[in-house]
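Chain by chain, the residues:
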Protein chains: 2
Amino acid sequence: MTIKEVCEKYDITADTLRYYERVGVIPAVTRTAGGIRDYQETDIAWVENAICFRDAGMPVEMLIEYVKLFQEGDLTIDARANLLKEARETIVEAKKKYDIALEKLDYKIGRYEIAQKTGVLSWDDCGEE
Amino acid sequence: MTIKEVCEKYDITADTLRYYERVGVIPAVTRTAGGIRDYQETDIAWVENAICFRDAGMPVEMLIEYVKLFQEGDLTIDARANLLKEARETIVEAKKKYDIALEKLDYKIGRYEIAQKTGVLSWDDCGEE
DNA sequence: ATACAACTTGGAGTTGACTCTAAGTCAAGA
DNA sequence: TCTTGACTTAGAGTCAACTCCAAGTTGTAT
């Protein structure tokens, strides 16, 4: 699979894919004899993981660390497991913050909808509006 | 309330609070005769909202837009309501991505736990490990 | 009254994560 | 073979969101 096909499949730029490889967010991608990237299933699985974890707010630095440990082999199993658990906690915490914001938003949106229906345009909302 | 007290209350730096005010993420804060910030309940409510929505990944630009509309008065009620609904959708979408990442993580963590218990250190995981 | 810490401002610098540029190489069609 | 477009690299540039700095002011404790 060419870099272009991978871009299109995951809606990501070629520059980003090259960047991920360069800094180590994914391991070195398979190349043709001429040196052109030819993504195999494994390469694509790494790309998919990288995108998934970046979308969940994991820093590039953490993905690089995971790949580094992975490449060091079986002795890093514990370190990798810990990294994943840490990542899990980070995401769970972030999700909680998203829920708090959603609650606030739903409250505000409710207020606005009443205002729009009744034509009453002022109210008190956390002492702010 | 001084800027220091607000920092401590919300675990945020004074620089960030000043930055938020400068760029318009929050409206101008109440000042003492000498020009020193003296946060009132309303100011604090705005700070709290700003932190909450930033924590949920809303861009500073969107918060600035909301404050701008708010200051323009009642004619912007519809625009503000739309902004909030758009924000809501963005957060709901982001949360979905977090859930996908969590699923992947839980799967991997499960694999690692089995590996650690059984001592079997290699396996196939999405063709990657 | 005099230190001295905490505040003020405008503006420059940093960080993370890309994104773009220049100069060159590879590969498929005429 | 030649052109044309997609690929390659190293390295510079951009953007959002802070974060820091210098120079000056305020306010409290001796």
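Up top is the structure.
So, here is what we can say about the structure in this document. Source: prediction; values computed, not measured.

What counts as what
- Residues numbered from 1 in each chain as written.
- Chains lettered and ligands numbered in written order.
- Predicted model: local features only at pLDDT ≥ 70, side-chain atom pairs only at ≥ 80, totals over all residues.
- Heavy atoms only, no water.
- Near = heavy atom within 4 Å.
- Polar contact = N/O pair within 3.5 Å; in protein donor to acceptor, adjacent residues only side chain to side chain.
- Helix = DSSP H or I, 4+ residues; strand = E, 2+ residues; numbered from the N terminus.
- Nonpolar A, V, L, I, M, F, W, Y, C, P; charged D, E, K, R; others polar.
- Least-squares fit on C-alpha atoms with pLDDT ≥ 70 in both.
- Contact = heavy atoms within 4.5 Å.
- Axes fitted to C-alpha atoms, helices over the stretch in contact; angles between N-to-C directions.
- Parallel < 35°, antiparallel > 145°, perpendicular 65-115°, else oblique.
- Left-handed = near helix turned anticlockwise from the far one by under 90°.
- Buried area = accessible area lost by both parts, 1.4 Å probe.
- Salt bridge = Lys/Arg side-chain N within 4 Å of Asp/Glu carboxyl O.
- Buried < 20%, exposed > 50% of the residue type's maximum accessible area, 1.4 Å probe, protein only.
- Phe/Tyr/Trp six-rings, centres within 6.5 Å; stacked < 30°, edge-to-face > 60°.

Looking now at the protein's contact with DNA strand D. Neighbouring DNA strand D are 20 residues; A:Arg31, A:Arg37, B:Asp15, B:Tyr20 and B:Arg54 lie closest to it. The separation between a phosphate oxygen of DNA strand D and a polar side-chain atom of A:Arg18 is 3.2 Å. Note that a phosphate oxygen of DNA strand D is positioned 3.1 Å from one of the side-chain N or O atoms of A:Arg31. Broken down by secondary-structure element, the contributors of at least two residues to the surface near DNA strand D are α1 (3–10) and α2 (14–23) of chain A together with α2 (14–23) and α4 (60–72) of chain B. Sorting elements by how many residues they give to the surface near DNA strand D places α2(B) first, with five residues. In terms of residue class, the surface near DNA strand D is built from seven nonpolar, four polar and nine charged.

Taken together, a rotation about one axis and a shift along it account for how the two chain copies relate. Mapping chain B onto chain A calls for a rotation angle of 180° and an axial translation of 0.0 Å; the resulting RMSD is 0.1 Å. A rotation of that kind, with that shift, is consistent with a two-fold axis. Across chain B, the smallest distance between a C-alpha and the rotation axis is recorded for B:Lys95, namely 3.3 Å. A shared binding surface is used by both copies, with 100% of the interface residues of chain B retained as interface residues in chain A.

Next up on the list: the packing of helix α4 (residues 60–72) of chain A against helix α5 (residues 77–118) of chain A. Residues and elements named next belong to chain A. At a minimum axis separation of 10 Å, α4 and α5 run at an interaxial angle of 160°. Considered as vectors, α4 and α5 are oriented roughly antiparallel to each other. Remark: the crossing between α4 and α5 carries left-handed chirality. The segment α4 lies against α5, with Met62, Glu65, Tyr66, Leu69 and Phe70 engaging Ala79, Arg80, Leu83, Leu84, Glu86 and Ala87.

Between chain B and chain A, the residue contacts involve 46 residues of the former and 46 residues of the latter. Carbon and sulfur atoms make up 65% of the surface buried where chain B meets chain A, a total of about 4,400 Å² over both sides. Across the chain B-chain A interface, the total number found is eight salt bridges. The shortest N-O distance in the salt bridge between A:Lys97 and B:Asp55 comes to 3.7 Å.

On to the pattern of salt bridges, then. In total, this model carries 20 salt bridges over all chains according to the counting rule given. Notably, a salt bridge pairs B:Arg88 with A:Asp106, separated by 2.4 Å at the nearest N-O pair. With B:Arg88 in helix α5 (residues 77–118) and A:Asp106 in helix α5, this pair bridges two chains. For A:Asp106, a relative accessible area of 35% translates into the label partly exposed. Its salt-bridge partner being B:Arg31, residue B:Glu21 comes within 3.3 Å of it at the nearest N-O pair. On the criterion of sequence distance, the pair formed by B:Glu21 in helix α2 and B:Arg31 in the loop between α2 and α3 (41–55) is long-range, its members being 10 residues apart. Beyond isolated ion pairs, a larger network of salt bridges with shared partners links A:Glu21, A:Arg31 and A:Arg37.

Taken together, 19 residues surround DNA strand C, and among them A:Asp15, A:Tyr20, A:Arg54, B:Arg31 and B:Arg37 come closest. The sugar and phosphate moieties of DNA strand C supply 73% of its atoms located within 4 Å of the protein. Separating a phosphate oxygen of DNA strand C from a side-chain N or O atom of B:Arg31 is a distance of 3.1 Å. Sorting the residues of the surface near DNA strand C by element identifies α2 of chain A together with α1 (3–10) and α2 of chain B as the ones contributing at least two each. Broken down by element, the surface near DNA strand C gets its largest block of residues, five residues, from α2(A). For the surface near DNA strand C, the per-class residue count stands at seven nonpolar, four polar and eight charged.

Right, let's talk about the environment of A:Leu17 for a bit. All names here are of chain A. On the secondary structure map, leucine 17 appears in helix α2. Separated by 54 residues in sequence, leucine 17 and glutamine 71 place their C-alpha atoms 19 Å apart. Setting aside anything within four residues of it in sequence, one finds leucine 17 in contact with Ile3, Val6, Cys7, Ile12, Ile26, Tyr39 and Val47.

Turning our attention to the packing of aromatic side chains. All chains considered together, the criterion is met by seven aromatic pairs over all chains. With centroids separated by 6.4 Å and ring planes inclined at 55°, the aromatic side chains of A:Trp46 and A:Tyr66 adopt a geometry described as tilted. Placement of the pair is A:Trp46 in helix α3 (residues 41–55) and A:Tyr66 in helix α4, with a sequence separation of 20 residues. In terms of burial, A:Trp46 and A:Tyr66 fall into one category: buried. Look at B:Trp46 and B:Phe70: their rings are 5.0 Å apart centre to centre, the planes differ by 70°, and that puts the pair in the edge-to-face class. Of this pair, B:Trp46 sits in helix α3 while B:Phe70 sits in helix α4; the two residues are 24 residues apart in sequence, bridging distant segments of the chain. Members of the aromatic cluster, connected to one another through ring pairs, are A:Trp46, A:Tyr66 and A:Phe70.

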